[in-house]
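# Fold and geometry: a report
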Amino acid sequence: MSSIQRIGSEGQWEKDYGYSRVVVAGPHAWVAGCTATVDGRVQGNGDPYAQMKVALEIARKALEQAGFGLQDVVRTRWYVVHARDVAEVGRAHGEVFAEFRPAATALVVSGLTDPGMLVEVDLDAYRVEAA
């Protein structure tokens, strides 16, 4: 039986809302929604491509802390505030995942927790455990 590992980024929302940045159980990892927020400030003002790149970098670092890599990602979900931004968000996703190509879903939502946020992404990962 494997234990559950919960890794936080010390972000204020994690403390306030009671969640972890990444949770690992056996060969699975789930990365909570990542936005382009760094040190409490949204990066890439008005630029959905730049925001997706920042969000994916935050997610990549969380995976790395948990012992996973981008090659282990099997599913992504993108939450985009404006349908017109799906192509730019997808371009950023494609640059990061061109080699690994996880299953992906893009959803258009009415808004995110900060009006400057244009995109949020979460990831699911799986790795084959050593025998």
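Note: the structure precedes this text.
Just so you know, these numbers come straight off a predicted model, no measurement behind them.

### Overview of the packing of aromatic side chains
- Here the structure, examined in full by the defined rule, presents zero aromatic pairs.
- One Lys or Arg, Arg91, reaches over the ring of Tyr49 and ends 3.9 Å from the middle of that ring.
- Positioned above the aromatic ring of Phe68 is the side chain of Arg127, whose terminal nitrogen or guanidinium carbon lies 3.8 Å from the ring centre.

### Some details on helix 3 (residues 86–97)
- Under the 1.5 Å per step criterion, the end-to-end length of helix 3 is 16 Å for 12 residues, consistent within 8% with the ideal 16 Å.
- Here helix 3 has its buried residues at Val89, Ala92, His93 and Phe97. Projection of helix 3 onto a plane perpendicular to its axis shows the buried side chains occupying an angular sector of 120°, all on one side.
- Against the buried residues of helix 3 lie helix 2 (48–65), strand 6 (73–80), strand 7 (103–108) and strand 8 (119–126).

### Some details on unusual backbone geometry
- Unusually for a residue other than glycine, Asp39 sits at a positive phi of about 50°.
- Here Asp39 shows up in the loop between strand 4 (37–38) and strand 5 (41–42).
- Here the phi dihedral of Arg101 falls at roughly 45°; this positive angle occurs in a residue that is not glycine.
- For Arg101, a relative accessible area of 70% puts it in the exposed group.

### Considerations on helix 2
- With 18 residues, helix 2 should cover 26 Å at 1.5 Å per step; its first-to-last C-alpha distance of 26 Å lies within 8% of that length.
- Among all positions of helix 2, only Pro48, Tyr49, Gln51, Met52, Ala55, Leu56, Ala59, Ala62 and Leu63 are buried. End-on view of helix 2: buried residues confined to an arc of 155°, all on one side of the axis. Along helix 2, exposed side chains directed more than 90 degrees from the buried face belong to Glu64 and Gln65.
- In this structure, the buried side of helix 2 is in contact with strand 2 (22–25), strand 3 (28–34), strand 5, strand 6, helix 3 and strand 8.
- Among the residues trailing helix 2, Gly67 stands out with phi positive, at a value near 85°.

Analysis parameters
- Residues numbered from 1 in each chain as written.
- Predicted model: local features only at pLDDT ≥ 70, side-chain atom pairs only at ≥ 80, totals over all residues.
- Heavy atoms only, no water.
- Phe/Tyr/Trp six-rings, centres within 6.5 Å; stacked < 30°, edge-to-face > 60°.
- Lys NZ or Arg CZ within 6 Å of the ring centre and 35° of its normal.
- Helix = DSSP H or I, 4+ residues; strand = E, 2+ residues; numbered from the N terminus.
- Expected span 1.5 Å × (residues − 1).
- Buried < 20%, exposed > 50% of the residue type's maximum accessible area, 1.4 Å probe, protein only.
- Arc of directions from axis to C-beta.
- Contact = heavy atoms within 4.5 Å.

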